[in-house]
Amino acid sequence: MVKKDSERRLRKKKSVGVADVVIYGMFIILSVITLIPFMNIISISLSDYGAVVTNKAMIFPEGLNFDAYYIIGDPAVLKSFLLTVMIVVVSTVLHLLVCLLTAYPLSKKDLPGRNIMLLFLLITMLFGGGLIPYYLVIKDLGLIDNVLVHIIPGLVSGFNIILMKNFIQQIPGSLIEAARIDGAGFFRILFQIIAPLSKPILATLALFFGVGKWNEWYTTVLFINDPDLYPIQNILRQMVVEGNMDTVGSGIVSRPEFTLSISIKMAVIVIATVPIMLVYPFLQKHFVKGIFMGSVKS
Amino acid sequence: MYNNILDIVKRYLYNKYSEKTVWKRKKIAFFKIRSFVFAQLAYTTLWKGEILMRNQSRLKAKLKQYWPLYIMFIPCAAMLLVFNYYPMYGIVLAFKDYFIRLGIMGSPFAEDPLVHFKELFSDPYFLQVTGNTLRISALRLLCGFPAPIFLALLFNEVRAQRFKKSVQTILYLPYFLSWVVLGGMFKTIFMNDGLVNTWLGNFGIGPIPFLSDPKWFLAVTIITDIWKNMGFSSIIYLAAISGIDGEQYEAAMIDGADRWQRIRYITIPGLVPAISIQLILSLSGVLNAGFDQIFNMYSPVVYSTADIIDTYVYRIGLGDGNYEIATALGLFKSAIGFVLILITNKVIKKTGGEGIW
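Remember, predicted model here, so these are calculated numbers, not experimental data. (Residues numbered from 1 in each chain as written. Chains lettered and ligands numbered in written order. Predicted model: local features only at pLDDT ≥ 70, side-chain atom pairs only at ≥ 80, totals over all residues. Heavy atoms only, no water.)

Participant: Whenever I open this one, the side chain of S91 of chain A confuses me. Can you help?
Facilitator: Tracing the chain through its elements places S91 of chain A in helix α4 (residues 75-107). On the accessibility criterion, S91 of chain A (1% relative accessible area) is buried. (Helix = DSSP H or I, 4+ residues; strand = E, 2+ residues; numbered from the N terminus. Buried < 20%, exposed > 50% of the residue type's maximum accessible area, 1.4 Å probe, protein only.)

Below is the structure:
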């Protein structure tokens, strides 16, 4: 604290120039511009029927009204939300597991055949077979209209594996040597030493993968036809992009007559965004650190 | 006397060069060479063979020791084989006539293998769609590529840490939302009696059909794309800036350079590697033009400018079941993207920067 104070005193000696004011002002404007769309959505979802129709609910809600949020109780929305949560959690955990398992062997430079294994991985990152054959493979595996289609194909990500491999290579070899001398097998080393030490990279990857999974809607459009299995993004998509409210609204618990469809739509948007908003601030420091690590090295 | 000497010389010469002795000498030479070669072979086999055997046994020892690691690799290998390598054979679909009953392998090759490509490129609407794609990518690059760089440069000039952190938190947020969410959001904001038009109404500007007019739709697409990605993309440049040697700044300040000179002569040159890599990656994706965003925000009214290659292929390829064209196009795009990466990489290297490899 003392150091900070003296630093602050030193800094105060420099005058705040015009450029500083302009820069700070610009950032404030940018932040406001970024926030306003969100506020518009939230306020429409929270406003009174009358206010929305007459366009009074622009940035702040007029006539606080939580009716639109009864949509949470709608069986379609609720089920979809819980389904999405399950998909994200399960696929993220499994993905991290596969990443660890694959990155560890690749991190050993003297593993015979390691270069071939890396090449095997890299090629898949650059080339693909195209959508149609992929679709046929999924079909032959029975994954059409199956929740697992979100989890199984996405288990491997070459990019993440390489990031993790680089991270593991940075771990001091002495730690692993010590464990080896104590007679630990590879699996034990992986799970009891490397995994705990990899928490930063695991957190970063979990964040990116999890958010990506939560936002994923294209897989469903391609492979799932049963609306009961739609993740929240697709329910939202139906409502907002296609303007189709059929699957929703059949079971709204109370006072449906006075709730505008647009308010409901905004409420669903907010609901679909809430988990990300919750998770985001806590993990901000992790992903910034992760990007710094990744790019400074390369 | 002379006769004797002559005889002796004759006999000597005769013995020396007679056939018998020549043959004897050849025989001896042959045996000498053979024994020499044998000695060499023995040496090689024993010595190098030992190394070879040692390497082989080292290999075997390593395999014996490292076998759990191979087990660890199995899940990944299995996944890649099933979902990545196996579908690669499907590329041939671009050259065949697909009959669902026969599957990909069973379907016959088209009479003219390139018929689907020719179909595609001679379709005038396809050319328009390609033009749209290129136009949107060009606009994205022009407006959207410099924005994160400027942002990073300005972030670097902010000294108040808490202000910086808060602004960063706000600006990074849109990146994490899906275009489904954002599409819905912007449809609401840009609609005829939405936020933007109401605000414009305060200045007497009539309601602008942002999402239904082809030209305005382009503007909205680019602006919202920048809005979403600008903050997050700046992180890469911030990381690059933090990697610049602090001593250069100190030296510059001692020499009396002001803020803008420091930016121009130290920060920007320091960013050139990061900029090159991002540029290479962006240029290789020039045929992509943001399917996710456009698909969630477009409508038939704006097809004339907003229909890009991917959306068109989605409708005719998957919608109408024209699998061959869809595959042909995918192949085409991959090839072009690959070539673009190579070209851009070479160009950047030639102009002094560092490429990706």
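Anyway, onward from the coordinates.
Participant: What exactly am I supposed to notice about helix α5 (residues 114-126) of chain A here?
Facilitator: Residues separated by three or four positions in an α-helix point in the same direction, a consequence of the helix having 3.6 residues per turn. A rise of 1.5 Å per residue sets the reference length of α5 of chain A, with its 13 residues, at 18 Å; its end C-alpha atoms lie 19 Å apart and thus fit the reference within 8%. Every buried residue belonging to α5 of chain A is among R114, M117, L118, L121 and T124 of chain A, and all of these are buried. One face of α5 of chain A carries all of its buried residues, which in axial projection span an arc of 125°. Seen from the buried face of α5 of chain A, the exposed residues on the opposite side, beyond 90 degrees, are N115, I116 and L126 of chain A. In this fold, the buried residues of α5 of chain A make contact with α4 and α7 (158-170) of chain A together with α2 (19-85) of chain B. (Expected span 1.5 Å × (residues − 1). Arc of directions from axis to C-beta. Contact = heavy atoms within 4.5 Å.)

Participant: I keep staring at the interface of chain B and chain A and nothing clicks. Help me out?
Facilitator: Interface size, as often reported, equals the accessible area lost upon joining of the parts. With 80 residues of chain B at the contact, the number on the chain A side is 85 residues. Interface area for chain B against chain A, summed over the two sides, is near 7600 Å², with a carbon-plus-sulfur share of 79%. If you sort the residues of chain B by the area they bury against chain A, M72, F83 and F176 of chain B come out on top, with a joint share of 10%. Taken together, the links from chain B to chain A amount to 13 residue pairs in polar contact (both at pLDDT 80 or more). At 20 residues, α2 of chain B tops the list of elements feeding residues into the side of chain B that touches chain A. (Buried area = accessible area lost by both parts, 1.4 Å probe. Polar contact = N/O pair within 3.5 Å; in protein donor to acceptor, adjacent residues only side chain to side chain.)

Participant: Teacher, can you tell me more about the pattern of salt bridges here?
Facilitator: Considering all chains together, one arrives at seven salt bridges over all chains under this definition. For E216 of chain A, the salt bridge identified is with K213 of chain A, shortest N-O distance 3.6 Å. Linking D310 of chain B and K333 of chain B is a salt bridge whose minimum nitrogen-to-oxygen distance equals 2.6 Å. Remark: K333 of chain B occurs in helix α16 (residues 323-350) and D310 of chain B occurs in helix α15 (residues 309-319); sequence separation between them is 23 residues. Beyond isolated ion pairs, a larger network of salt bridges with shared partners links D20 of chain A together with E157, R159 and R259 of chain B. (Salt bridge = Lys/Arg side-chain N within 4 Å of Asp/Glu carboxyl O.)

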